[in-house]
Amino acid sequence: MSFVPTLDTDNNSSKALRYIEDVYAQLVARNPQEPEFHQAVKEILASLLPILAAEPKYQNQAILERLVEPERMITFRVPWTDDTGKIRVNRGYRVQFNSAIGPYKGGLRFHPSVNASIIKFLGFEQIFKNALTGQHIGGGKGGADFDPKGKSEGEIMRFAQSFMTELQNFIGPDQDVPAGDIGVGAREIGYLFGQYKRIRGGYPAGVLTGKGILYGGSQARTEATGYGTVYFVSEMLKAKGLSVNGSRVVISGSGNVAIYAMQKAAQLGAKVVACSDSAGYVYDENGIQMDTVRRLKEVERKRISEYVKEHPQATYFPSSSQIWTIPCDIALPCATQNEIDEKMARTLIANGVKAVGEGANMPSTLEAIHLFQQAGILFAPAKAANAGGVAVSALEMAQNSMRLSWSFNEVDAKLQEIMGSIYRQSVDAAQQYGQPGNLLAGANIAGFKMVADAMLAEGVV
Ligand code: GLU
């Protein structure tokens, strides 16, 4: 993926190209040592050439310079005491990236790899993803370089409470609404919400999403990201006369996104033959038993290698990245960023993959995406394909504001409608700006247009 213009003889196109190159060069200079953030911005900028060339107002009003600079970046100390009595210190983050179309919205990630670059790439992606959902939510993200692995319940709770003691200064139901991401699930959201309520008083249910059903959560929020990814891929396949039914699927990861992608793919008649965690992957020709994975990961909090003890026909391989060597029709990367590199993309293509749907955020490198596109593989980009989670988060906020709860079927029907709409917006924008069939370009352009136009309407913001 490069910034090469499609119409290099066109003056507006050359101007737009120079603009993109300048903004990117400035971004790298102003944010050194943030490779993931650079990558996320580059992916978007590379798609925007046609719209920037067609509509000079964006360049004239410095929209890109404004978009790539977060409205606010907060870092804070998170001190906590471990079970041995030792005091530990982690670093907490919240990036409030863009509030042009609604309050900042985006998850919290607790993982040792978390740093400013990771949080900014996630926050940047979130701006456009959230716009695509059609809900009024701006872009934000946060987290901490805390490793939940091997921590006791008490340690997790004390960490979450300390984290919220600081974060509560900056969030609120109309201001910034965090949710989960890697390392932050229902358990952590419960502790975070409990602490927010103690400090702030009242019952501000809409301050967090992904809450338990008992205390203001939405039906189908847990399932939404995984289900939404499969709904999106299903739309993409349908347009080509293909179907999830009868396909062979490989899903990386075994967290919340992967588990419910597995369930929905199986419900639609696919066979999911492999899944993974950070230590390795399991291959089960009979079809991965989602219930086992869910229990191992969500209840017992064990490694995926344990799966083969209960399903002896399955095999465990201690290298998670090798999961992409398994031949499949549909690949759903649902683990983490940059898990499909150039080499793995080549392997998938050589093995005849027909579609790739990104359940994780930025799971394919720029080189891998480029290879998929060149090979004519159907490619569902993360900010469209995994938007179902945050879309249902927005529905959770709506239910909290109304003090009402919708049924599972009502929320699921709305989720399907939203994923269908994201698919159509992406197809239409790609068509309109001269890149028919390129869902990555379409999603980026459609998301950008909504946010940029709102910013223009709001003045110099
Ligand atoms: N972390 C999820 C995402 O990447 C969900 C965010 C949310 O529900 O606010 O979109």
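In the block above lies the structure referred to throughout.
As a starting point, this report considers the structure included with it. Note that the coordinates shown come from a computational prediction; the quantities given were computed from them, not determined experimentally.

1. Side note on the site of the ligand
- Lining the immediate surroundings of the ligand are 14 residues, of which Lys-105, Lys-129, Gly-180, Asp-181 and Ser-393 lie closest.
- A distance of 3.0 Å separates an oxygen atom of the ligand from a polar side-chain atom of Lys-141.
- Within the side chain of Asp-181, an N or O atom sits 2.8 Å from a nitrogen atom of the ligand.
- Its free accessible area being 290 Å², the ligand has 94% of it covered by the protein chains.
- Breaking the shell around the ligand down by element, the ones donating at least two residues are strand E3 (104-110), helix H5 (116-132) and helix H15 (388-402).
- Broken down by class, the residue content of the shell around the ligand amounts to two nonpolar, seven polar and five charged.

2. Let's talk about the pairing of strand E10 (residues 330-333)
- Neither face of E10 is open: one carries Ile-330 and Leu-332, the other Ala-331 and Pro-333, and all of them are buried.
- Here four bridges tie strand E6 (residues 248-252) to E10, and the two strands are oriented parallel to one another. When the bridges of E10 are listed, Ile-251 appears paired with Leu-332.
- The pairing of E10 with strand E11 (residues 355-357) spans two bridges and is classified as parallel. In the sheet register, Ala-331 faces E11, and the bridge partner there is Val-356.
- Taking the sense of rotation as the criterion, the β-α-β connection linking E10, helix H12 (residues 342-350) and E11 turns out right-handed.

3. Side note on H5
- Relative to the 24 Å expected for 17 residues at 1.5 Å per residue, H5 spans 25 Å between its end C-alpha atoms, a close match to the ideal helical length.
- In H5, a bend of some 25° at Gln-126 exceeds every other bend along the element.
- For H5, the buried fraction is high: 16 of the 17 residues fall into the buried class.
- The backbone nitrogen of Ser-117 lies 3.0 Å from a side-chain oxygen of the residue at the head of H5, namely Asn-115.
- Gly-134 occupies a position one or two residues after H5 and carries a positive phi of about 80°.

4. Focus: the sheet that holds E11
- Reading across the sheet, the seven strands line up as E9-E8-E7-E6-E10-E11-E12 and stay open at both edges, with mixed pairing between neighbours. The open sheet terminates on both sides in strands that have one partner only, identified here as strand E9 (315-317) and strand E12 (378-380). Adjacent strand axes in the sheet meet at a mean angle of 15° when their direction is disregarded.
- The strands touched by helix H8 (residues 221-238) are E10, E11 and E12; relative to E12, the strand with the most contacts, the crossing angle is about 150°.

Parameters and conventions
Residues numbered from 1 in each chain as written. Predicted model: local features only at pLDDT ≥ 70, side-chain atom pairs only at ≥ 80, totals over all residues. Heavy atoms only, no water. Near = heavy atom within 4 Å. Polar contact = N/O pair within 3.5 Å; in protein donor to acceptor, adjacent residues only side chain to side chain. Areas by Shrake-Rupley, 256 points an atom, 1.4 Å probe, with all protein chains shown as cover. Helix = DSSP H or I, 4+ residues; strand = E, 2+ residues; numbered from the N terminus. Nonpolar A, V, L, I, M, F, W, Y, C, P; charged D, E, K, R; others polar. Buried < 20%, exposed > 50% of the residue type's maximum accessible area, 1.4 Å probe, protein only. Pairing = 2+ DSSP bridges. Right-handed = clockwise from strand over helix to strand, strands pointing away. Expected span 1.5 Å × (residues − 1). Bend = angle between axes of the 7 residues up to and from the residue. Axes fitted to C-alpha atoms, helices over the stretch in contact; angles between N-to-C directions. Contact = heavy atoms within 4.5 Å.

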